[in-house]
Amino acid sequence: MKPPRRSILSMLDDAVRWTGMPARVADQMSDAPSVDRKYPPLRWSPIWLIAFSCILFVLCFMWPSVLLTSLGATIAAMAASIHMNGPLGKSSLKVDEREVALRKDSFLFCLGLLAFLNCVGQLLLMCLSHLWNWQTAQSVFIAASAFMLNLTLFYCLPTLYASWNMPELPKE
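Cut-off values and rules
Residues numbered from 1 in each chain as written. Predicted model: local features only at pLDDT ≥ 70, side-chain atom pairs only at ≥ 80, totals over all residues. Heavy atoms only, no water. Helix = DSSP H or I, 4+ residues; strand = E, 2+ residues; numbered from the N terminus. Buried < 20%, exposed > 50% of the residue type's maximum accessible area, 1.4 Å probe, protein only. Contact = heavy atoms within 4.5 Å. Areas by Shrake-Rupley, 256 points an atom, 1.4 Å probe, with all protein chains shown as cover. Phe/Tyr/Trp six-rings, centres within 6.5 Å; stacked < 30°, edge-to-face > 60°. Lys NZ or Arg CZ within 6 Å of the ring centre and 35° of its normal. Core = buried A, V, L, I, M, F, W, Y, C linked by side-chain atoms within 4.5 Å. Patch = residues over 30% accessible without salt bridge, like charges linked within 9 Å, V, L, I, M, F, W, Y side chains within 5 Å. Salt bridge = Lys/Arg side-chain N within 4 Å of Asp/Glu carboxyl O. Expected span 1.5 Å × (residues − 1). Arc of directions from axis to C-beta.

Caption draft 1: View of the overall build of the protein chain. Secondary structure assignment for the protein chain yields six helices and zero strands. Along its sequence from the N terminus, the protein chain presents helices and strands in the succession α-α-α-α-α-α. A burial count over the protein chain gives 30% of its 172 residues as buried. Residue pairs in contact within the protein chain that sit at least 24 positions apart in sequence constitute 79% of those at least 6 positions apart. Per element, the accessible surface of the protein chain, about 11800 Å² overall, is 70% carbon and sulfur.

Okay, structure coming up:
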């Protein structure tokens, strides 16, 4: 008896499987630890840094000091390292179409949220400065902590967005 005739699509599927690309893509998209995964999704560390930076910003309203501002600079430096080691850390020349779309969406989300927060925050800080009669030193410390919060958000939000929007495949 003659074996059933295979379609051209099934032969093309076999050719693609022979190259090993489907297994490689599945390995890159899965959350299982892999030896060659250099830029893993970082889901929780950006959240912690954003929370600490927000706490420092609020504390700077109550006790403006150089210590809080220097702590904010440390957090912003840690945020930069998270961005470089996260899913968006590789060079834009080495990414495929899926990663380009993810990078574009994450930066659009980040910049849109930062634009909104800065527009509202500047008005709020101006009103608070006028109502509470802040001295120049206190205004400078609060502006510096707001700048550190902006740096942290700029580095952590795209990584956070990209990490949570990366598709997860179970490792088989």
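Caption draft 2: View of the packing of aromatic side chains. With the rule as written, the count across this model stands at seven aromatic pairs. Aromatic ring contacts, followed pair by pair, group Phe57, Phe61, Trp132 and Trp134 into a single cluster. The positively charged end of Arg43 is found above the aromatic ring belonging to Trp164, 5.4 Å away from the centroid.

Caption draft 3: Expanded view of the nonpolar core. Formed by 22 residues in total, the largest nonpolar core has its most connected members in Leu49, Ile50, Phe57, Phe61, Ile142, Leu153 and Leu157. For this core, the secondary structure elements donating two or more residues are helix H3 (45-62), helix H4 (66-85), helix H5 (97-132) and helix H6 (136-165). With residues up to four places along the chain from it excluded, the contact list for Leu157 reads Ile50, Phe109, Cys110, Leu113 and Thr152.

Caption draft 4: Examining a nonpolar patch on the surface more closely. Together, Trp44, Ile47, Trp48, Phe52, Ile55 and Trp164 make up a nonpolar patch on the protein surface, roughly 690 Å² of accessible area in all. Sort the elements by how many residues they give to the nonpolar patch and H3 lands first, with four residues. Checked against the element boundaries, Phe52 lands in helix H3. We classify Phe52 as partly exposed; its relative accessible area is 44%.

Caption draft 5: A look at H4. Relative to the 28 Å expected for 20 residues at 1.5 Å per residue, H4 spans 29 Å between its end C-alpha atoms, a close match to the ideal helical length. Among all positions in H4, only Leu68, Thr69, Gly72, Ile75, Ala76, Ala79, Ile82 and His83 are buried. All buried residues of H4 project into a common sector of 120° when viewed along the axis, lining one side. Opposite the buried face of H4, by more than 90 degrees, sit the exposed residues Val66 and Leu67. Packing partners of the buried residues in H4 comprise H3, H5 and H6.

Caption draft 6: Looking closely at the pattern of salt bridges. Summed over the entire model, instances satisfying the criterion amount to three salt bridges. Ionic pairing is found between Asp14 and Arg17, a salt bridge with its closest N-O pair at 3.0 Å. Placement of the pair is Asp14 and Arg17 together in helix H1 (residues 8-19), with a separation of three residues, close to one helical turn. Across the salt bridge formed by Asp105 and Lys104, the nearest N and O atoms sit 3.6 Å from each other. The exposure class assigned to Asp105 is partly exposed, which follows from its relative accessible area of 34%. Note on Lys104: relative accessible area 49%, which makes it partly exposed. One connected set of salt bridges, linked through shared partners, spans Arg6, Asp14 and Arg17.

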